[in-house]
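Coordinate analysis (summary)
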Amino acid sequence: DAELASIPCAYGTSENMLHRAHVQAGDHVLIPGASGGVGSATVQLAKRRGATVTALVGSEAKAAAVRALGADRVIVGRHGDAKWNEALQELTDAVDVVVDNVGGSGFPTVLNTLKRGGRLTTSGAISGPLVELDFRTLYLKDLTLIGCTAWEEPVMRNLVGYIERGEIKPAVDKVYPMTEIVQAQKTFLEKKHVGKFVLIPPPVEATLPAEDE
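**Some remarks on the packing of aromatic side chains**
A complete count under the given rule lists two aromatic pairs for this structure. Ring centres of tyrosine 176 and phenylalanine 197 lie 5.9 Å apart, and the angle between their planes is 50°; on these two criteria the pair is classed as tilted. Highlighted residues: tyrosine 176 in strand E7 (residues 172-177) and phenylalanine 197 in strand E8 (residues 196-200), separated in sequence by 21 residues. Given the relative accessible area of 9%, tyrosine 176 is considered buried. With a relative accessible area of 19%, phenylalanine 197 lands in the buried category. Ring centres of phenylalanine 188 and phenylalanine 197 lie 5.9 Å apart, and the angle between their planes is 80°; on these two criteria the pair is classed as edge-to-face. Pairwise contacts between aromatic rings join Tyr176, Phe188 and Phe197 into one cluster.

**Remarks on the pairing of strand E2 (residues 52-57)**
For E2, the buried fraction is high: five of the six residues fall into the buried class. Since strand E1 (residues 28-31) and E2 lie parallel, the crossover through helix H3 (residues 37-48) that links them has a hand, and here it is right-handed. Sheet topology note: the E2/strand E3 (residues 73-76) ladder contains four bridges and is parallel. Looking at E3, one finds that alanine 55 is bridged to valine 74. Following the backbone out of E2, through helix H4 (residues 60-68) and into the adjacent parallel E3, one traces a crossover that is right-handed.

**Re the packing of helix H2 (residues 7-20) against helix H8 (residues 154-164)**
Two elements in contact, H2 and H8, have axes whose closest approach is 9 Å; the angle formed by their N-to-C orientations is 110°. Between H2 and H8, the angle is such that the two are roughly perpendicular. Where H2 crosses over H8, the handedness of that crossing is right-handed. Here Ile7, Pro8, Tyr11, Gly12, Glu15, Asn16 and His19 of H2 come into contact with H8, specifically with Pro154, Val155, Met156, Asn158, Leu159, Tyr162 and Ile163. For the contact of H2 with H8, a count of residues per class yields nine nonpolar, four polar and one charged.

What counts and what doesn't
Residues numbered from 1 in each chain as written. Predicted model: local features only at pLDDT ≥ 70, side-chain atom pairs only at ≥ 80, totals over all residues. Heavy atoms only, no water. Phe/Tyr/Trp six-rings, centres within 6.5 Å; stacked < 30°, edge-to-face > 60°. Helix = DSSP H or I, 4+ residues; strand = E, 2+ residues; numbered from the N terminus. Buried < 20%, exposed > 50% of the residue type's maximum accessible area, 1.4 Å probe, protein only. Right-handed = clockwise from strand over helix to strand, strands pointing away. Pairing = 2+ DSSP bridges. Axes fitted to C-alpha atoms, helices over the stretch in contact; angles between N-to-C directions. Parallel < 35°, antiparallel > 145°, perpendicular 65-115°, else oblique. Left-handed = near helix turned anticlockwise from the far one by under 90°. Contact = heavy atoms within 4.5 Å. Nonpolar A, V, L, I, M, F, W, Y, C, P; charged D, E, K, R; others polar.

What follows is the structure, encoded as structure tokens:
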């Protein structure tokens, strides 16, 4: 099932970050890169926890889909755009948790959105792993930075429960047979999608050698 195939990677990664950051009802969560696989999962999972979600996306074409996933506010643009900078400045000291798998040159501005005692969690750096960090922002605002790789014990159990109760619906943008993996990669690199791409392998019987008669 294509939807179930998207759960272990994107949704597990997202749930682990939200679990580690102790996201709860009433929190304001900011999600850069909200149209990607992990980002779109985080929109749904943060809303399931009762958080207010502000999502950052790169184009108007993605905004409607991210709103449909439950985002309370969607900011369109990229770091360096006047509109993006203005919107992020308005969020200074307004956010409880940032879930940032983007990194890159916009990191200082994103970090400044956190309230005193805020948390930033990450498991990736799609816009670049090297970022600028002013230590004064970190210690004067008493921030917590959380790096996430291996899932904590409750994560998969939580996800199974959410699915069984119909609380989340995996966001799958496109499904390809494994034989079209090259086209899938080309389409992925266009960065026009919202959610995950899923590759479907051939049936097991089609991969087994024929038995000798």
